[in-house]
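Residues per chain, in single letters:
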Amino acid sequence: MFDFSVIFKLAGLGICVAILNMLLDSVGAKEWKFPISVVGVIMGLLLILNYVRQLFEVVQTFSM
Amino acid sequence: MDILKIVVFGLVATLLINLVNYYGGNAKAYGDLIRIATVTIFMIFIVTQLSSVYQVIRDLAVKLNMEDTYLSIILKVVAIAYLAEFGSQLCEDAGEKAIGGKIQWAGKVMIFVVATPVIVALMNLIADLI
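Residues numbered from 1 in each chain as written. Chains lettered and ligands numbered in written order. Predicted model: local features only at pLDDT ≥ 70, side-chain atom pairs only at ≥ 80, totals over all residues. Heavy atoms only, no water.

A. Layout of the overall build of chain B. Per the secondary structure count, chain B includes five helices and zero strands. Helices and strands in chain B line up, N terminus first, as α-α-α-α-α. Over its C-alpha atoms chain B spans a radius of gyration of 20 Å, topping by over 25% the 14 Å that the globule rule assigns to 130 residues. Every one of the 130 residues in chain B was classed for burial, and the buried ones make up 32%. Counting only contacts in chain B whose residues sit at least 6 apart along the sequence, the fraction spanning at least 24 positions is 54%. Accessible area for chain B stands at about 8,100 Å²; split by element, carbon and sulfur atoms hold 72% of it. Averaging the locations of the 9 positively and 10 negatively charged side chains of chain B gives two centres separated by 6 Å. (Helix = DSSP H or I, 4+ residues; strand = E, 2+ residues; numbered from the N terminus. Rg over C-alpha atoms; globule rule 2.2 N^0.38 Å. Buried < 20%, exposed > 50% of the residue type's maximum accessible area, 1.4 Å probe, protein only. Contact = heavy atoms within 4.5 Å. Areas by Shrake-Rupley, 256 points an atom, 1.4 Å probe, with all protein chains shown as cover. Lys, Arg positive; Asp, Glu negative; His and termini not counted. Charge placed at Lys NZ, Arg CZ, Asp CG, Glu CD.)

So, in structure tokens, the structure goes:
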């Protein structure tokens, strides 16, 4: 039940986006920083989506 | 020993959040995402434990052929309270105190709405007594 993989994935995602932003700074393509971080956040949210849905399912059965 | 897993999971998540917030620079949103994921997983675990307890209570109620309406109202109120607290604490942790407070308030109002039949029944009971 306790899968640690989700939080490691999210942490990795966060670090990768941070590194990417730094790379983009050094390369000088500043305009690409925003889209990449938006895509990263969306990927993180998709990861979390299943757990929130699972939580609401369990609460539904709970209060039936 | 589930409690050991819970504690370890919480600690690992806290460390990861601090890691991301420290090195994140401008990718700080991922700390919040990790917090949301961790709290959701904890809630799933807690509510599954609780729902087994509530099955026992419901079976008991059926055995005692107690009226089911009030029991389901109580369960609904508890479910609303859990989710409202879940949402409001997450918002406050992410730095949005106002939103957290509003969710808490909305939860209270919804509990009041769900509990109105009980209050009406109580008033009728009192009226009959007097």
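B. View of the domain arrangement of chain B. All names here are of chain B. Domain boundaries in chain B define domain 1 (1-65) and domain 2 (67-130). Here domain 1 and domain 2 have C-alpha centroids that lie 22 Å from each other. With twelve residues of domain 1 in contact, the opposing surface of domain 2 contributes nine residues. Across the interface of domain 1 and domain 2, roughly 1,000 Å² is buried in total on both sides, 77% from carbon and sulfur atoms. The three residues of domain 1 that bury the most area against domain 2 are R35, M43 and Y54, which together make up 43% of that side's buried surface. Connecting domain 1 to domain 2 are one salt bridge. A salt bridge links D93 to R35; the shortest N-O distance between them is 3.9 Å. Joining domain 1 to domain 2, the criterion identifies zero residue pairs in polar contact (both at pLDDT 80 or more). Among the residues forming the side of domain 1 that touches domain 2, the class breakdown is seven nonpolar, two polar and three charged. (Domains from an automatic or database assignment. Buried area = accessible area lost by both parts, 1.4 Å probe. Salt bridge = Lys/Arg side-chain N within 4 Å of Asp/Glu carboxyl O. Polar contact = N/O pair within 3.5 Å; in protein donor to acceptor, adjacent residues only side chain to side chain. Nonpolar A, V, L, I, M, F, W, Y, C, P; charged D, E, K, R; others polar.)

C. Here's a closer look at the nonpolar core. Counting residues in hydrophobic clusters, the biggest one holds 36 residues, and the most contacted among them are L10 of chain A together with Y30 and I34 of chain B. Of all the elements in the fold, those that place two or more residues in this core are α1 (5-27) and α2 (33-62) of chain A together with α1 (2-23), α2 (29-63) and α3 (68-93) of chain B. Both domain 1 (1-65) and domain 2 (67-130) of chain B contribute no fewer than three residues apiece to this core. Sequence-distant contacts of L10 of chain A, that is, excluding residues within four places in its chain, are made with G44, L47 and I48 of chain A together with Y30, L33, I34 and A37 of chain B. (Core = buried A, V, L, I, M, F, W, Y, C linked by side-chain atoms within 4.5 Å.)

D. Broad picture of the interface of chain B and chain A. Opposite the 39 residues of chain B that make contact, chain A presents 33 residues. Of the roughly 3,000 Å² buried between chain B and chain A on both sides combined, carbon and sulfur atoms contribute 85%. Interface area lost by chain B to chain A is led by Y30, L33 and I44 of chain B, which between them contribute 21%. Remark: the boundary between chain B and chain A carries one residue pair in polar contact (both at pLDDT 80 or more). Every element with two or more residues in the side of chain B that touches chain A is listed here: α1, α2 and α3 of chain B. Considering each element in turn, the side of chain B that touches chain A owes the most residues, 19 residues, to α2 of chain B. Looking at the side of chain B that touches chain A residue by residue, the class counts come to 30 nonpolar, six polar and three charged.

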